[in-house]
Amino acid sequence: MISVHDAGHEGPFGALVGFREGLRQCLSRWGDALFELADAVLCAAGPVSSLVRLCVEPEFSRGHGSLYQGLAAGRVEVERLRDLLVAYRPAGWPPVFAVDASTVERCDAETSPQRGFYYHPSKHSAGQPIVAGWSYQWLCQLNGDADSWTAPMDIRRIAPAQDVVAATTGQVRDLLGRLGQTAMVPLFVFDAGYDPIALSHELAGERVQVLVRIRGDRVFYGPAPDRRRHARRGRPPRHGDRFDCKNPASWGEPGDVLTVSDDRYGRVRVQAWSRLHPRLGRQGHWAGMSLLPIVEGTVIRVQVERLPKPSGRANNTVLWLWHAGSGTPDLGVLWRAYLRRFDIEHTLRFAKNTLGWTAPGVRLPEQHDRWTWLIAACLTQLRLARPLVADQRLPWERPLQQHKLTPSRIRRGFRGIRQHLPMITRAAKPS
């Protein structure tokens, strides 16, 4: 396990230097070209819209052939880079992590292997909201502030034939092993596209919490009644009282209630019912099981007084969540943790629109894997440079305090910081 203090660097500037030195050691083949490519992404003026235009940036001292060769034949020591990202994670942030998948569109790349069809909110194919491409699952640490900063911890490409539940639980277990012992039980937050029951079942026994958004029409059941109260003949029931999220009369008294006042959402009321489970069927993740398990968890209902930005559509002020895992659920932490989950969407949008994560039109998925890890390293360097860069606002922008600076504004001043950083790569040899 890598430690920040092992490299002999202290303070924000030393942490940035230490991470860059560790990053260069993770790039074993065509490392200088890949490292300078990441610097070109960080220092480019404006959004990265084309890969080849990065070779004209002053930070990339090599020819455009080295740029393509680095992605085509370079090597990134992925396990070592994962250790580096965890070692330089924010020490003051709670162990709360968001997991979300994003698609790199390759609709017309018919010769590119391992493409799959994935959901897209705004694009359609054959009348369906799907696109062809590669799906990458990001795992980022969240902070408690209302901003767009996250800390990427791991990224994995999910193959079309791969089991999403198995891939997700493997990614969570891998991060748990790297985190070690933490004061708070690590909390992983998922959106409604993930199977909450399957994740809870596969991660049972781990020191982890799972928080997943569920639909408002789900039906759960309480614990089975005492076996002695039923007739001797026949199989005893496995399910207790019915809990219908649409029917308040079936809820009963909640086991825990929290009422708080929030500046953005007004009066917030959180209710929790523990020891509930769904009735499973032998399909999907549960196909082939002779005896279906009873997966218990806590169903949480969050109701807010108002939404920060009401839209023209009917605004739903009620949110349903599923929680399972170690320890007693802290309602004050859980409802805010899910709201902070949307910060990972800001990170993905910034990576796509500004850093150019989806800009390269490479043919092989392994080439885009290398580019993806460089983008994760760029996001980490921007976060480490956050206390070092002064605000460089445009004339029409409002001034911001240092702790309010966004990743875009930090990127504007990164070129000035890079001039003071030690030179790590070797000088290019002209041919």
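About the cut-offs
Residues numbered from 1 in each chain as written. Predicted model: local features only at pLDDT ≥ 70, side-chain atom pairs only at ≥ 80, totals over all residues. Heavy atoms only, no water. Helix = DSSP H or I, 4+ residues; strand = E, 2+ residues; numbered from the N terminus. Rg over C-alpha atoms; globule rule 2.2 N^0.38 Å. Buried < 20%, exposed > 50% of the residue type's maximum accessible area, 1.4 Å probe, protein only. Contact = heavy atoms within 4.5 Å. Areas by Shrake-Rupley, 256 points an atom, 1.4 Å probe, with all protein chains shown as cover. Lys, Arg positive; Asp, Glu negative; His and termini not counted. Charge placed at Lys NZ, Arg CZ, Asp CG, Glu CD. Salt bridge = Lys/Arg side-chain N within 4 Å of Asp/Glu carboxyl O. Core = buried A, V, L, I, M, F, W, Y, C linked by side-chain atoms within 4.5 Å. Pairing = 2+ DSSP bridges. Right-handed = clockwise from strand over helix to strand, strands pointing away. Expected span 1.5 Å × (residues − 1). Polar contact = N/O pair within 3.5 Å; in protein donor to acceptor, adjacent residues only side chain to side chain. Axes fitted to C-alpha atoms, helices over the stretch in contact; angles between N-to-C directions. Parallel < 35°, antiparallel > 145°, perpendicular 65-115°, else oblique. Nonpolar A, V, L, I, M, F, W, Y, C, P; charged D, E, K, R; others polar.

Q: Describe the overall build of the protein, listing the residues and the values that go with them.
A: Across its full length, the protein holds 11 helices and 14 strands. Taken over the C-alpha trace, the protein has a radius of gyration of 24 Å; the compact-globule value for 431 residues is 22 Å, and the two agree within 12%. When its C-alpha atoms are laid out on the principal axes, the protein stretches across 90 × 50 × 50 Å. Of all 431 residues assigned to the protein, the portion counted as buried reaches 49%. Here the contacts in the protein between residues at least 6 apart in sequence split such that 65% fall between residues at least 24 apart. Summing over all exposed atoms, the protein offers an accessible surface of approximately 21,500 Å²; the carbon and sulfur share of this is 49%. Charged side chains in the protein number 58 positive and 41 negative. The centres of these two groups are separated by 3 Å.

Q: Give me the pattern of salt bridges: which residues, what numbers.
A: Applying the stated criterion to the full structure yields 31 salt bridges. Among the salt bridges present, the one from Arg415 reaches Glu57, with a minimum N-O distance of 2.9 Å. Taken as a pair, Arg415 in helix H11 (residues 414–418) and Glu57 in the loop between helix H2 (31–43) and helix H3 (64–73) lie far apart in primary sequence, 358 residues in all. A relative accessible area of 16% means that Glu57 is categorised as buried. In this structure, Arg215 and Asp217 form a salt bridge, with 2.5 Å as the shortest nitrogen-oxygen distance.

Q: Describe the nonpolar core, naming the residues involved and giving the relevant values.
A: Leu54, Trp138, Phe188 and Trp371 are the most contacted members of the largest nonpolar core, which totals 119 residues. In terms of residue count, the dominant contributor to this core is helix H9 (residues 365–384) (10 residues). Every residue in contact with Trp371, bar those within four places of it in the chain, is listed here: Leu37, Val41, Leu51, Leu54, Leu71, Leu355, Gly356, Trp357 and Pro360.

Q: Got a sec to walk through the pairing of strand E8 (residues 209–214)? Specific residues and values, please.
A: Among the 6 residues of E8, 5 are classified as buried, and the element is accordingly described as predominantly covered. One ladder, built from 4 bridges, connects strand E7 (residues 187–190) with E8; its direction is parallel. By the bridge assignment for E8, Val189 is matched with Leu211. Following the backbone out of E7, through helix H6 (residues 196–202) and into the adjacent parallel E8, one traces a crossover that is right-handed. One ladder, built from 6 bridges, connects E8 with strand E14 (residues 318–325); its direction is antiparallel. Each residue of the ladder has a partner; that of Arg213, found in E14, is Leu321.

Q: Pulling in residues and values, what's your account of H9?
A: Note that an α-helix has 3.6 residues per turn; residues three or four places apart therefore point the same way. Helix length check: H9, at 20 residues, gives a terminal C-alpha distance of 29 Å against a target of 28 Å (1.5 Å per residue), a fit within 8%. Counting buried residues in H9 gives 19 out of 20 residues, a clear majority hidden from the surface.

Q: How would you explain the side chain of Thr347 if you had to name every residue and give the values?
A: Residue placement: Thr347 occurs in helix H8 (residues 343–353). Using a relative accessible area of 5% as the deciding quantity, one classes Thr347 as buried. Of the polar contacts made by the side chain of Thr347, one reaches the side chain of Thr150; its length is 2.6 Å.

Q: Describe the environment of Arg173, naming the residues involved and giving the relevant values.
A: As for its position among the elements, Arg173 is in helix H5 (residues 164–179). Given the relative accessible area of 34%, Arg173 is considered partly exposed. Distance from Arg173 to Glu206, taken between C-alpha atoms, is 8.1 Å for residues 33 residues apart in sequence. Side-chain polar atoms of Arg173 contact the backbone oxygen of Glu202, separated by 2.3 Å.

Q: Please set out the packing of H3 against H9 residue by residue, giving values where relevant.
A: Orientation of H3 relative to H9, taken along the N-to-C sense of each, is 110 degrees, at an axis distance of 7 Å. Taken together, the axes of H3 and H9 are roughly perpendicular relative to one another. Of the residues in H9, those touching H3 at Gly70, Leu71 and Ala72 are Gln367, Arg370 and Trp371. For the contact of H3 with H9, the per-class residue count stands at 3 nonpolar, 2 polar and 1 charged.

Q: Would you mind going over the environment of Leu16 in detail, with residue names and values included?
A: For Leu16, the position within the fold is in helix H1 (residues 11–26). For Leu16 and Pro293, which are 277 residues apart along the polypeptide, the C-alpha to C-alpha distance reads 48 Å. Setting aside its immediate chain neighbours within four residues, Leu16 contacts Gln381, Leu384, Ala385, Leu388, Phe414, Ile417 and Leu421.

Q: Summarise the pairing of strand E5 (residues 130–142); cite the residues concerned and give the values.
A: On a regular strand, one side chain projects to one face of the sheet and the next to the other, so that they alternate. Most of E5 sits out of view: 12 of its 13 residues are buried. Relative to E5, strand E3 (residues 96–105) runs antiparallel, the two sharing 9 bridges. Bridge pairing in E5 links Asp100 to Trp138. As defined by bridge partners, strand E4 (residues 116–119) adjoins E5 across 4 bridges and the pair is classed as antiparallel. Paired with Gly116 across the two strands is Gly133, which belongs to E5. Sheet topology note: the E5/strand E6 (residues 150–158) ladder contains 8 bridges and is antiparallel. Looking across to E6, one finds that Gln141 is bridged to Ala151.

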